[in-house]
Amino acid sequence: MIKINDNYLKLPGSYLFSTIAKKVSAYQEEHPEAKIIRMGIGDVTLPLAPQIVKALHEAVDEMGQKDTFKGYAPDLGYSFLRETIAKADYQERGCRVDADEIFISDGAKCDCGNIQELFAADAKIAVCDPVYPVYVDSNVMAGRTGEYDPASETWSDVIYLPCTMDNGFFPELPKERPDLIYLCNPCNPTGTTWTKDQLKVWVDYANANDAVILYDAAYEAYITTPEVPHSIYEVEGARTCAIEFRSFSKNAGFTGVRLGFTVIPKDVKSGDASIHDMWARRHGTKYNGAPYIQQKAGMAVYSPEGRKEVKEQVAYYMRNARTLRDGLKEVGLKVVGGVDSPYVWLHTGEMTSWEFFDYLLDKAHVVGTPGSGFGPSGEHYFRLTGFGSYEATKKAVERIKSLA
Ligand code: PLP
């Protein structure tokens with residue numbers, strides 16, 4: 001019999017979104033007249049902006065010409081894009097990040113999931129909780145998380161950093177020292193953010209404890225609050241302890257096109273070993289970079305016209321998130337998020353998050369995402385998103401209001 005990586009078998013049963021899809025289709029079958037509104041969407045819904053479409057067409061044409069055809073992209077990505085990112089996203093914000101510290105990839109999900117390969121099998125991970133499930137799942141597959149307890153829905157070897165209304169969604173420093181600390185700012189699913197001063201606490205802790213912060217800034221484009229940094233490198237000391245993930249998915253609609261990047265400063269080290277050089281080696285060997293066509297389209301996001309177009313899309317989703325947030329607050333629900341992120345996170349009171357899911361589906365025909373699917377501290381919370389249409393968002397809010 002072939003031997004498998006049985007860590008995969010440890011992953012708990014069904015994936016959150018497939019459970020939701022099954023529940024919704026069963027409900028629709030029983031209630032064919034119900035006009036269901038999907039507000040649990042974690043994907044963009046607006047079509048690609050015109051400047052991006054134009055760049056894609058041009059890049060395809062180049063690929064069809066002898067003189068401009070491109071084969072494999074360079075390991076780290078094309079320098080035209082890395083240099084543009086270094087300047088626009090970092091240097092112009094006062095951060096020291098060089099173009100050769102940027103690794104272009106086919107999206108943040110792969111990078112967030114793969115980064116753990118660089119670290120020891122017994123590296124201890126800490127995750128803010130609730131959070132994007134990829135961080136924990138990828139460590140489960142690597143055999144780093146110990147045993148799963150279905151009752152508490154926790155892993156024995158994971159340090160959970162609860163972020164709830166009780167602590168203002170800012171986690172306390174852990175009692176036990178982690179090697180890797182996953183932070184997500186703005187956070188999916190809570191939509192909450194940390195300021196530069198709050199992040200400094202974590203950067204200082206990581207530097208003092210020889211830990212590495214794995215910082216996911218996939219929703220950076222949604223930040224409106226001036227005190228919230230767009231990059232961890234805006235925080236003094238981060239260059240020696242932090243790796244940053246970015247994505248073109250939610251800021252420019254690339255979820256189906258695929259483009260992202262990871263920043264690994266050369267100053268992040270483990271003894272004499274350079275994490276940057278290890279990731280470069282990995283990229284060269286297990287390439288998950290993006291083709292020329294995508295990278296060229298990514299350049300359009302930085303052109304004046306392209307920038308304007310994608311900003312308008314972000315503003316559209318944010319208007320929806322604000323509409324949700326304000327409407328739910330009006331009926332007395334406890335709500336956070338929706339200011340610096342497209343996610344709105346509400347407290348479900350006495351109901352568990354799955355009870356609230358069923359309640360909302362049945363009474364308002366509105367679908368959201370139960371908070372418990374994002375980690376143990378997500379229980380009694382629920383996620384709605386601004387990624388639907390404005391009309392659907394307004395209708396969903398009206399229906400939820402009428403339940404009060
Ligand atoms: N990071 C967070 C926090 C996310 O919510 C998502 C997608 O939902 C990703 C990363 C994945 O981004 P990408 O589409 O670039 O793989």
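The structure this text deals with has already been given above.
Residues numbered from 1 in each chain as written. Predicted model: local features only at pLDDT ≥ 70, side-chain atom pairs only at ≥ 80, totals over all residues. Heavy atoms only, no water.

Participant: Looking at this structure, I do not really get the sheet that holds strand E8 (residues 212-216). What am I missing?
Facilitator: Reading across the sheet, the seven strands line up as E2-E10-E9-E8-E7-E3-E6 and stay open at both edges, with mixed pairing between neighbours. In the strand order of this sheet, the two ends are held by strand E2 (102-105) and strand E6 (158-162), each with one partner. This sheet shows a mean twist of 20° between the axes of neighbouring strands, independent of strand direction. Bridging between E8 and strand E9 (residues 242-247) involves four bridges; their strand directions are parallel. Directly across from Ile213, in E9, lies its bridge partner Ala242. (Pairing = 2+ DSSP bridges. Helix = DSSP H or I, 4+ residues; strand = E, 2+ residues; numbered from the N terminus. Axes fitted to C-alpha atoms, helices over the stretch in contact; angles between N-to-C directions.)

Participant: Is there a simple way to explain the nonpolar core in this structure?
Facilitator: The nonpolar side chains of a soluble globular protein tend to be buried with one another. Ile52, Ile115 and Ile213 are the most contacted members of the largest nonpolar core, which has 112 residues in total. The residues contacting Ile115, other than those within four sequence positions of it, are Tyr182, Leu214, Ile243, Phe245, Ile264 and Trp279. Among the nonpolar cores identified, the runner-up in size contains nine residues, and Val44, Tyr219, Val314 and Phe387 belong to it. (Core = buried A, V, L, I, M, F, W, Y, C linked by side-chain atoms within 4.5 Å. Buried < 20%, exposed > 50% of the residue type's maximum accessible area, 1.4 Å probe, protein only. Contact = heavy atoms within 4.5 Å.)

Participant: What should I look at first to understand the site of the ligand in this one?
Facilitator: Close to the ligand lie 14 residues, the nearest being Asp216, Tyr219, Ser247, Ser249 and Arg258. Within the contact set of the ligand, an oxygen atom lies 2.9 Å away from a side-chain nitrogen or oxygen of Lys250. A total of 390 Å² of accessible area belongs to the ligand in isolation, and the protein chains cover 92% of it. Within the residue set of the shell around the ligand, elements represented by two or more residues are helix H4 (108-114) and helix H7 (249-252). (Near = heavy atom within 4 Å. Polar contact = N/O pair within 3.5 Å; in protein donor to acceptor, adjacent residues only side chain to side chain. Areas by Shrake-Rupley, 256 points an atom, 1.4 Å probe, with all protein chains shown as cover.)

Participant: So what exactly am I meant to see when it comes to the pattern of salt bridges here?
Facilitator: Where charged atoms of side chains with opposite charge meet at close range, the side chains can pair. Tallied over the entire structure, the rule returns 17 salt bridges. A salt bridge links Asp358 to Lys23, with the shortest nitrogen-to-oxygen separation between them at 3.0 Å. Here Lys23 lies in helix H1 (residues 16-30) and Asp358 lies in helix H11 (residues 353-364), a separation of 335 residues in the sequence. A relative accessible area of 36% places Asp358 in the partly exposed class. Taking the relative accessible area as the measure of exposure, Lys23 reaches 32% and is therefore partly exposed. Of the charged contacts, one joins Arg246 and Asp89 as a salt bridge, the two residues approaching to 4.0 Å between their closest N and O atoms. On the criterion of sequence distance, the pair formed by Arg246 in strand E9 and Asp89 in helix H3 (residues 79-90) is long-range, its members being 157 residues apart. (Salt bridge = Lys/Arg side-chain N within 4 Å of Asp/Glu carboxyl O.)

Participant: Before we go on, may I ask you to explain the pairing of strand E10 (residues 260-263) in this structure?
Facilitator: When a strand is regular, its side chains alternate between the sheet's two faces. With burial as the criterion, each face of E10 is covered, one bearing Gly260 and Thr262 and the other bearing Phe261 and Val263. As defined by bridge partners, E2 adjoins E10 across four bridges and the pair is classed as antiparallel. When the bridges of E10 are listed, Ile104 appears paired with Phe261. Bridge analysis of E9 against E10 gives four bridges, and the strand direction is antiparallel. Bridge assignment links Phe245 to a residue of E10, and that residue is Thr262.

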